[in-house]
Amino acid sequence: MAETLVRCVATTSHVFSGSAWRLFAADRHWFRSVRERVFKHCSSSCSHSATRSTMSKKLLVDVDCGVDDAQAIMLALAAPNVELLGITCVHGNTTVENVCKNTLRVLQACSKLEIPVFKGAAKPILGNSIDAGHFHGQDGLGDAPDPNAPSPDLVQKEGAVSAIIRIVNENPGEVSLVATAPLTNLALAVRMDPSLPSKLRGLYVMGGNTESRGNTTVCGEFNFTADPEAAYIVLNDYQCPTYLACWEFTCYSKLSWEFCDAWLAQDTDKARFMARVFQHSIEASQSERLQKEFVAGTGFVSCDSYAMAAAADDSFIIESDHYPVSVELTGTHTRGMMIMDTVGFLKKAHKAYIMKKVDMEKFKQMMMAALK
């Protein structure tokens, strides 16, 4: 807005240079009318710019709906100026069938069942599937009974990969793709439509690691280790603005258990739903194994919500590194580990933004709003 006013003032100065000043002296009424027209145009331009800045952000979300995916979805649904175009499902925390059911359960808890849900890949590009039942429960949502769960028939007939390609092509330059799961669907989509990344507004990924700290293998983070080939394809083929919320970063940015208690204590159906499905994970977080996995001590780490918050609000990321990244595919202990080229050995032009610091007060507000 300030820039527009400066341009308008500059235009006014130009108009009234030279002979125009003599005209001004002769006819002040003429000057006043022109000035009013110029600044009326400025006000219109400023108003238009302000309107554009508050337009809704279009998000397309790819999940393996465990509890932190659920938290991220609920954050997006509560965020102002966010339009969720659809949710695509993939193997990961649990089977893709469970992921579809869980996603519908989350949408039902938020009274948003009109948002389309699409079923995607049931297994990685190579190798066997893994799951995170020890943390999320075997069904992905804490094995909490849900007798009123929505019918699986609500899942769309169209497949997830086709839906990603279609939705992005229908909204060129407008969609931010948020991936909080193994990247199989995204890898298949870009191989089917190589032009896909050029039509994205941005790509936001929860996955990878920066300090070789593993939570699934010695050096591997879950989402990348669950399909290393897919992660490799996505980090190398998606030549669009890319933002990564990596494992260690989410741990360094953890919330306190006291915050979690207050978050779940809100007197709403959403909070009661989250308290039921999250109980298993809270207890698992106290186990000896999970205590070793977490970086920098224990706490409430809603991994997927960081990527979603960044997609929903451009001002969320305060500090980030900017490096080329890729994925190790062949190491005995390092398969699935993200590599960060700080020197330039990869000779890659495309660099990802790797989150280092975010606005934690804003994050708390967004998380609280998710369950209101």
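The coordinates are above.
Quick summary incoming for the structure in this document. All values derive from a computational prediction rather than experimental measurement. (Residues numbered from 1 in each chain as written. Predicted model: local features only at pLDDT ≥ 70, side-chain atom pairs only at ≥ 80, totals over all residues. Heavy atoms only, no water.)

So, on to the overall build of the protein chain. Across its full length, the protein chain holds 16 helices and ten strands. Looking at the protein chain as a whole, 52% of its 372 residues are labelled buried. A separation of at least 24 residues holds for 83% of the contacts in the protein chain among residues at least 6 apart in sequence. Accessible surface, the protein chain: about 16700 Å² in total, of which carbon and sulfur atoms supply 54%. (Helix = DSSP H or I, 4+ residues; strand = E, 2+ residues; numbered from the N terminus. Buried < 20%, exposed > 50% of the residue type's maximum accessible area, 1.4 Å probe, protein only. Contact = heavy atoms within 4.5 Å. Areas by Shrake-Rupley, 256 points an atom, 1.4 Å probe, with all protein chains shown as cover.)

Another aspect to go through is helix 15 (residues 303-312). When you tally the buried positions in helix 15, you get ten out of ten residues, the bulk of the element. Within the sequence span of helix 15, burial applies to Cys 303, Asp 304, Ser 305, Tyr 306, Ala 307, Met 308, Ala 309, Ala 310, Ala 311 and Ala 312.

Another point: the packing of aromatic side chains. Going through the model one piece at a time under the given rule, you end up with ten aromatic pairs. When the centroid spacing of 4.6 Å and the interplanar angle of 10 degrees are considered together, the rings of Tyr 204 and Tyr 243 count as stacked. Of this pair, Tyr 204 sits in strand 5 (residues 200-206) while Tyr 243 sits in strand 6 (residues 242-245), and the two are 39 residues apart along the sequence. Assigned by exposure class, Tyr 204 and Tyr 243 land together as buried. (Phe/Tyr/Trp six-rings, centres within 6.5 Å; stacked < 30°, edge-to-face > 60°.)

Moving on, we get to the side chain of Thr 242. Within the secondary structure, Thr 242 is located in strand 6. Within the structure, Thr 242 has its side chain in polar contact with the backbone oxygen of Cys 240 (distance 2.8 Å). The residues touching Thr 242, leaving out its near neighbours within four places in the chain, are Leu 203, His 350, Ala 352 and Tyr 353. (Polar contact = N/O pair within 3.5 Å; in protein donor to acceptor, adjacent residues only side chain to side chain.)

Attention now goes to the sheet that holds strand 4 (residues 175-179). A sheet is described by the order of its strands in space; here eight strands give the open sequence 3-2-1-4-5-6-10-7, paired in mixed fashion. Looking at which strands have only one partner, the edges of the open sheet turn out to be strand 3 (117-119) and strand 7 (317-323). Across the sheet, the mean angle separating the axes of adjacent strands is 25 degrees when strand polarity is ignored. Bridge analysis of strand 4 against strand 5 gives five bridges, and the strand direction is parallel. Counted as the bridge partner of Val 178 is Tyr 204 from strand 5. (Pairing = 2+ DSSP bridges. Axes fitted to C-alpha atoms, helices over the stretch in contact; angles between N-to-C directions.)

Looking now at unusual backbone geometry. Of note, Asp 143 is a non-glycine position whose phi angle comes to about 55 degrees, a positive value. The topology assignment puts Asp 143 in the loop between helix 6 (133-136) and helix 7 (160-170). A relative accessible area of 41% means that Asp 143 is categorised as partly exposed. A positive phi is found at Ser 212, a non-glycine position, where the angle reads about 55 degrees. Within the secondary structure, Ser 212 is located in the loop between strand 5 and helix 9 (222-225).

Let's shift gears to the pairing of strand 4. The element strand 4 is extensively covered by neighbouring structure, given that five of its five residues are classed as buried. Taking every second residue as pointing to the same face, both faces of strand 4 are buried, with Val 175, Leu 177 and Ala 179 on one and Ser 176 and Val 178 on the other. The pairing of strand 1 (residues 57-63) with strand 4 spans five bridges and is classified as parallel. Looking across to strand 4, one finds that Asp 62 is bridged to Ala 179.

With that settled, the discussion passes to the environment of Lys 357. Among the secondary structure elements, Lys 357 is positioned in strand 10 (residues 352-358). When its relative accessible area of 46% is taken as the criterion, Lys 357 is described as partly exposed. In the structure, Lys 357 is positioned 38 residues away from Glu 319 in sequence and 4.8 Å away in space, judged by C-alpha atoms. Those residues in contact with Lys 357 that lie beyond four places of it in its chain are Phe 249, Ile 317, Ile 318 and Glu 319.

Moving on, we come to the nonpolar core. In this structure, Leu 59, Trp 263, Met 274, Phe 278 and Phe 300 are the most contacted members of the largest nonpolar core, which totals 71 residues. The greatest single-element share of this core, amounting to eight residues, is contributed by helix 15. Beyond its immediate stretch of four places on either side in the chain, Met 274 contacts Val 67, Ala 70, Gln 71, Met 74, Trp 263, Leu 264 and Leu 371. Residues Ile 164, Leu 177, Cys 240 and Cys 246 belong to the second largest nonpolar core, which totals 37 residues. (Core = buried A, V, L, I, M, F, W, Y, C linked by side-chain atoms within 4.5 Å.)

Applying the stated criterion across every chain yields a total of 16 salt bridges. Across the salt bridge formed by Glu 170 and Arg 166, the nearest N and O atoms sit 3.2 Å from each other. Of this pair, Glu 170 and Arg 166 are both found in helix 7, four residues apart, which corresponds to roughly one turn of the helix. Residue Glu 170 is classed as exposed on the basis of its relative accessible area, which comes to 52%. A relative accessible area of 31% places Arg 166 in the partly exposed class. (Salt bridge = Lys/Arg side-chain N within 4 Å of Asp/Glu carboxyl O.)

A contiguous nonpolar patch, built from Ile 125, Leu 126 and Leu 188 and spanning about 240 Å² of accessible area, is present on the exposed surface. On the secondary structure map, Leu 188 appears in helix 8 (residues 184-192). (Patch = residues over 30% accessible without salt bridge, like charges linked within 9 Å, V, L, I, M, F, W, Y side chains within 5 Å.)

Moving on: the packing of helix 4 (residues 67-78) against helix 15. Packing of helix 4 against helix 15 brings their axes to within 7 Å, and their N-to-C directions diverge by 25 degrees. As far as their axial angle goes, helix 15 and helix 4 are roughly parallel. At the point where helix 4 passes helix 15, the crossing takes the right-handed sense. Mapping the contact onto sequence places Asp 68, Asp 69, Gln 71, Ala 72, Ile 73, Leu 75 and Ala 76 in helix 4 and Cys 303, Asp 304, Ser 305, Met 308 and Ala 309 in helix 15. (Parallel < 35°, antiparallel > 145°, perpendicular 65-115°, else oblique. Left-handed = near helix turned anticlockwise from the far one by under 90°.)

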